[in-house]
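One letter stands for each residue in the lines below.
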Amino acid sequence: MDTEEARAIARAFDPNRLNAGFYEKPYDTYAALRTFEPVHRCADGSYFLSRFAHLDEIYRDRIHFSSDKKAVFGPKFGQDSALYEHHTTSLVFNDPPYHTRVRRQIVAALSPNALRALEPGITALVDGLLEQLRERREFDLIGDFAAAIPVEVIGNLLRVPREERAPLRAWSLAILGALETELTADQHAHGNRAVREFTAYLRGLIAERRRRPLGATDLLTRLLQEAELTESELLQNCVFLLNAGHETTTNLIGNGLYLLLTHPESAARLRSDPQLIGTAVEECLRLESPNQLGNRLVSQQVTIGGVVLEPNTYLTLCIGAANRDGEEFSDPERFDIGRRPNRHLAFAAGAHACAGMGVARLEAQIALLRTMQSLPQLHLTGGAARARRARFRGFVSLPAALS
Ligand code: HEM
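Definitions and limits used
Residues numbered from 1 in each chain as written. Predicted model: local features only at pLDDT ≥ 70, side-chain atom pairs only at ≥ 80, totals over all residues. Heavy atoms only, no water. Salt bridge = Lys/Arg side-chain N within 4 Å of Asp/Glu carboxyl O. Buried < 20%, exposed > 50% of the residue type's maximum accessible area, 1.4 Å probe, protein only. Helix = DSSP H or I, 4+ residues; strand = E, 2+ residues; numbered from the N terminus. Donors = N, O, S within 2.8 Å, 3.2 Å for Na, K, Ca; no water. Core = buried A, V, L, I, M, F, W, Y, C linked by side-chain atoms within 4.5 Å. Contact = heavy atoms within 4.5 Å. Phe/Tyr/Trp six-rings, centres within 6.5 Å; stacked < 30°, edge-to-face > 60°. Lys NZ or Arg CZ within 6 Å of the ring centre and 35° of its normal.

A. Just the pattern of salt bridges, in detail. For the structure on display, the rule yields 26 salt bridges. Residue K25 pairs with D28 through a salt bridge whose shortest N-O separation is 3.6 Å. You can call D28 partly exposed: its relative accessible area is 41%. In this structure, the salt-bridge partner of R393 is E288, at a minimum N-O distance of 2.5 Å. On the criterion of sequence distance, the pair formed by R393 in the loop between β10 (385-386) and β11 (395-397) and E288 in the loop between α17 (277-287) and β5 (293-298) is long-range, its members being 105 residues apart. Overlapping salt bridges bring together D56, R60, E328 and R343 as one network.

Quick look at the structure:
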């Protein structure tokens, strides 16, 4: 792409009107935006930001930027819709003091000790799935592997009975799918139905936990006893927790497998030096960030990159672009599983930084390393299909085989 073409693409960029090619490969567009329009004004008056330094500053600043999305989600979902109630009640789209109260309990339940306790179960789960792949010879690395891990881990964390977990993934996809920049009537209806069904299901689980609390290490018991939440707040935060860890972690594992299988020299390096798994997962998070877009609302006038942003301006923060910014990362397009430092923003930063990052890292480290070690003959067979989503980046299917 020459300079004039890149400048024109950046100037015309509209996140509400993306073309099919963008979903496949958004990175040239992001590079054009970073270079020519780092604080880009969109047709609807919102701004799209793509430089690492700007995102890092905004994520850490609670004075000028708010996470409260009521003003944005009212017109998007309709104020009396189930999607509106859900997304405006979960902690991620709120400011203090409510956000702090809920977050404290989640962070306490996901302590380093709690994570250590999860490790043997995740390893056994991954090994069991790999054994099934070995028997099948041909399979889909998303449906038959990556997607099966988070649903178990997050289901275990909230102690959802195993036989009741089947609908969780579809509910989660529908509810988070409604956050896409472009929302069809179908996605809207689907999302509303999923919130209603999910909360109806959780009422029973919560009633059971009220009757039989499980102690301070149990996430749901903590939220019930310590966070002083109304019934709706409790329900919506549980829905959020169950959703937050699903598609994102599935995509991290799927994107990681894709990167390793398309970079055989990196896969070989990991096999010969398994200690690299920590930095390898960070590199997958950076290069193919599962959560590509975040949002903030300007709460006080502020200047970013020379552009004055007025209160109530809606910002889209492009994590996917920031994580390939050459001002922060050397040789940013290169997949380097030993990269250090790697201060990526895949989990955002600041007060709302992902509360489940330890769980996600653990799942991905175990899944990627054990797959590479125990299936050295694994290869992609073509026909990988991406979801048509700009916010959440991942594959819907990744056909593969052993030979
Ligand atoms: C690779 C997987 C994951 C990615 C890429 C990811 C990404 C993110 C990002 C970018 C945010 C910040 C949103 C914002 O403020 O705009 C966030 C928040 C959050 N995530 Fe994750 N997440 C992942 C997995 C998980 C898991 C497994 C859990 C739960 C066990 C989880 C729980 C949460 C919670 C509770 C928040 C809200 C934090 C707050 O608002 O204070 N996430 N995540």
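Moving on from the model shown.
B. Region of the structure containing the coordination of the iron atom of the ligand. If you check the protein contacts of the iron atom of the ligand, you find one donor only, C354 (SG), at 2.3 Å. With respect to the secondary-structure elements, C354 resides in the loop between α18 (319-322) and α19 (357-374).

C. Quick peek at the nonpolar core. Core analysis: the biggest nonpolar cluster contains 97 residues, and L141, F145, L202 and I253 have the highest contact counts within it. The contacts of L202, once residues within four sequence positions are left out, are L235, C238, V239 and L242. L55, F329, L345 and A349 belong to the second largest nonpolar core, which has 20 residues in total.

D. Representation of the packing of aromatic side chains. Summed over the entire model, instances satisfying the criterion amount to 12 aromatic pairs. Consider the rings of F13 and F22, whose centres lie 6.1 Å apart with planes at 40°: the pair is tilted. With a relative accessible area of 7%, F22 lands in the buried category. Linked through ring pairs, F13, F22, Y23, Y27, Y30 and F48 together constitute an aromatic cluster. Sitting over the ring of F329, R286 keeps its end group 5.2 Å from the ring centre. Over the aromatic face of F395 sits the side chain of R386, whose NZ or CZ is 4.2 Å from the ring centroid.

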